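Report on the structure
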Amino acid sequence: QYIGMFLLLLVLTETSCKKKTLVLTKLCALPVILICLYFGTALCFSAFSLHSTASAIYPANTVSNLKLLEQAEDLTAANRIADRILKTNKVFYAPYSVKAKYAYKQGDFSGPIENKRKVFEQNPFGYEEYEEYCQMLITGISLYEKNADTKSADICRKELKNALILLESNEKRLSKLGKAI
């Protein structure tokens, strides 16, 4: 922002430089000023909690998209926002969690397994995520057993055991101070 302001000041001031140098400086400064205005506008809308406008101006603004994800009224809209976030930022766990919930709602158990694994990579100490995942798997086991699909039920059981192993390994990684918190 300071560079943008400096270049804006440079463009607006009159100096005794050669006219050719002055024009060249102003031409170089103009794109930088426009870029600063573009990002500054998007960030300003985000700062004033106008996240849909900020996201429309700058779709890669993860903070605004995460706020929209939190405010989504239904899971289908949240899934669309999660897809938009994952196009630009694959290192945050919340979009993967939403995608897991959406796949679970659709009756697809491979989606929650795949997406919750990514959640646990990004957020290994998110115990609410483990609890939710285990509930999904227990539901999957009971549904598959009712339909006599033992292969799918076994996959859910295996994933449930893996989730418990992950929890135990996380417990071992915690320090005494971490356990006290």
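Above this text is the structure in question.
First, a word on what this report is: a plain description of the structure on this page. Since we're looking at a predicted model, the values are computed, not measured. (Residues numbered from 1 in each chain as written. Predicted model: local features only at pLDDT ≥ 70, side-chain atom pairs only at ≥ 80, totals over all residues. Heavy atoms only, no water.)

**Thoughts on the packing of helix H6 (residues 94-105) against helix H7 (residues 110-122)**
Between H6 and H7, the shortest axis-to-axis distance is 8 Å and the interhelical angle comes to 165°. The pairing of H6 with H7 is recorded here as roughly antiparallel in orientation. In the crossing of H6 with H7, the sense of the turn from one axis to the other is left-handed. Judged by residue contacts, Tyr96, Ser97, Lys99, Ala100, Ala103 and Tyr104 of H6 engage Gly111, Pro112, Asn115, Lys116, Lys118 and Val119 from H7. Looking at the contact of H6 with H7 residue by residue, the classes come out as six nonpolar, three polar and three charged. (Axes fitted to C-alpha atoms, helices over the stretch in contact; angles between N-to-C directions. Helix = DSSP H or I, 4+ residues; strand = E, 2+ residues; numbered from the N terminus. Parallel < 35°, antiparallel > 145°, perpendicular 65-115°, else oblique. Left-handed = near helix turned anticlockwise from the far one by under 90°. Contact = heavy atoms within 4.5 Å. Nonpolar A, V, L, I, M, F, W, Y, C, P; charged D, E, K, R; others polar.)

**Comments concerning the layout of surface pockets**
Its boundaries defined by the atoms lining it, the second largest pocket holds a volume of some 160 Å³. Mapped by element, the contributors of at least two residues to the lining of the second largest pocket are helix H4 (62-71), helix H5 (75-88) and H6. Considering every element that reaches the lining of the second largest pocket, the biggest residue donor is H4, with three residues. Within the lining of the second largest pocket, the residues separate by chemical class into seven nonpolar, no polar and three charged. (1 Å grid on protein atoms, 1.4 Å probe; cavity = no way out; pocket = protein on both sides within 12 Å on 5 of 7 lines; lining within 4 Å. Points joined across faces, edges and corners; volume = space filled by probe spheres on them.)

**Considering helix H8 (residues 127-146)**
Taking 1.5 Å as the rise per residue, H8 with 20 residues should run 28 Å; its terminal C-alpha atoms sit 29 Å apart, in good agreement. Its buried side turned inward, H8 meets H6, H7 and helix H9 (150-173). Alanine 148 sits one or two residues past H8 and shows a positive phi near 60°. (Expected span 1.5 Å × (residues − 1).)

**Points about the packing of H5 against H6**
For the pair H5 and H6, interaxial distance at closest approach is 9 Å and the crossing angle is 140°. Judged on the interaxial angle alone, H6 and H5 are oblique. In the packing of H5 onto H6, the handedness of the crossing is left-handed. Contacts between H5 and H6 pair Leu75, Thr76, Ala78, Asn79, Ala82, Asp83, Ile85 and Leu86 from the former with Pro95, Tyr96, Val98, Lys99, Lys101, Tyr102 and Lys105 from the latter.

**Thoughts on the packing of aromatic side chains**
Here the structure, examined in full by the defined rule, presents nine aromatic pairs. A centroid spacing of 5.6 Å and a plane angle of 85° characterise the contact between tyrosine 104 and phenylalanine 109, whose relative ring orientation is edge-to-face. For tyrosine 104, a relative accessible area of 28% puts it in the partly exposed group. By relative accessible area, which is 9% here, phenylalanine 109 ends up buried. (Phe/Tyr/Trp six-rings, centres within 6.5 Å; stacked < 30°, edge-to-face > 60°. Buried < 20%, exposed > 50% of the residue type's maximum accessible area, 1.4 Å probe, protein only.)

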